[in-house]
Amino acid sequence: MYIAPLNTDLLLSEAQKEELYVKLVEQINKDFTFANESVDFATDSTPIDLKRQLHEKIYKLIQYKFAEYLNLLYIIDVSEEQVKKLDGSDLVDLAEQVTFLILKREWQKVWFRNRL
């Protein structure tokens, strides 16, 4: 049964433990490409680097390309309800929380695909 990790660090360590980290990075790259946001997160990057780079990308999208940010959330299928619950008063914190929601949704896709 799928149980969503409680934070980014737990999610990334679970992905490594289940040897699905590379697939997670590939899924993130794929969905960003579908959303016409070019990224190329290296599959051999550390979880800390991935987390930092993804956070920076989300921060920049929120700040400078908001329509593209919304499109990305739609493509990835991040819950609109969860996004609306976030506190948007601090942009850095918001980007960090959205990064976690994106990772959580991407992990869910990879995890389920691996179980089928």
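One can find the structure itself at the top, above this paragraph.
Residues numbered from 1 in each chain as written. Predicted model: local features only at pLDDT ≥ 70, side-chain atom pairs only at ≥ 80, totals over all residues. Heavy atoms only, no water.

(A) The arrangement of the overall build of the protein chain in detail. Looking only at helices and strands, the protein chain has six helices and zero strands in total. Across the protein chain, helices and strands are ordered from the amino to the carboxyl terminus as α-α-α-α-α-α. Taken against the 2.2 N^0.38 rule, which gives 13 Å for 116 residues, the C-alpha radius of gyration of the protein chain at 13 Å falls within 12% of a compact globule. A buried classification covers 41% of the 116 residues belonging to the protein chain. Partitioning the intrachain contacts of the protein chain with sequence separation of at least 6 by distance along the chain shows that 69% fall at a separation of at least 24. Between the mean site of the 15 positive side-chain charges and the mean site of the 20 negative ones, the protein chain shows a separation of 4 Å. (Helix = DSSP H or I, 4+ residues; strand = E, 2+ residues; numbered from the N terminus. Rg over C-alpha atoms; globule rule 2.2 N^0.38 Å. Buried < 20%, exposed > 50% of the residue type's maximum accessible area, 1.4 Å probe, protein only. Contact = heavy atoms within 4.5 Å. Lys, Arg positive; Asp, Glu negative; His and termini not counted. Charge placed at Lys NZ, Arg CZ, Asp CG, Glu CD.)

(B) Spatial organisation of the packing of aromatic side chains. For the structure shown, the criterion picks out three aromatic pairs. Here the aromatic rings of F32 and F41 are separated by 6.0 Å at their centres, their planes lie at 90°, and the arrangement is edge-to-face. Across the pair, F41 and F32 agree in class, each one buried. Centroid distance F66 to Y69: 5.3 Å. Interplanar angle 40°. Geometry classified as tilted. (Phe/Tyr/Trp six-rings, centres within 6.5 Å; stacked < 30°, edge-to-face > 60°.)

(C) Expanded view of unusual backbone geometry. The phi dihedral of N36 is positive, around 60°, even though this residue is not glycine. Tracing the sequence through the fold places N36 in the loop between α2 (21-34) and α3 (47-64). What makes N36 exposed here is its relative accessible area of 68%.

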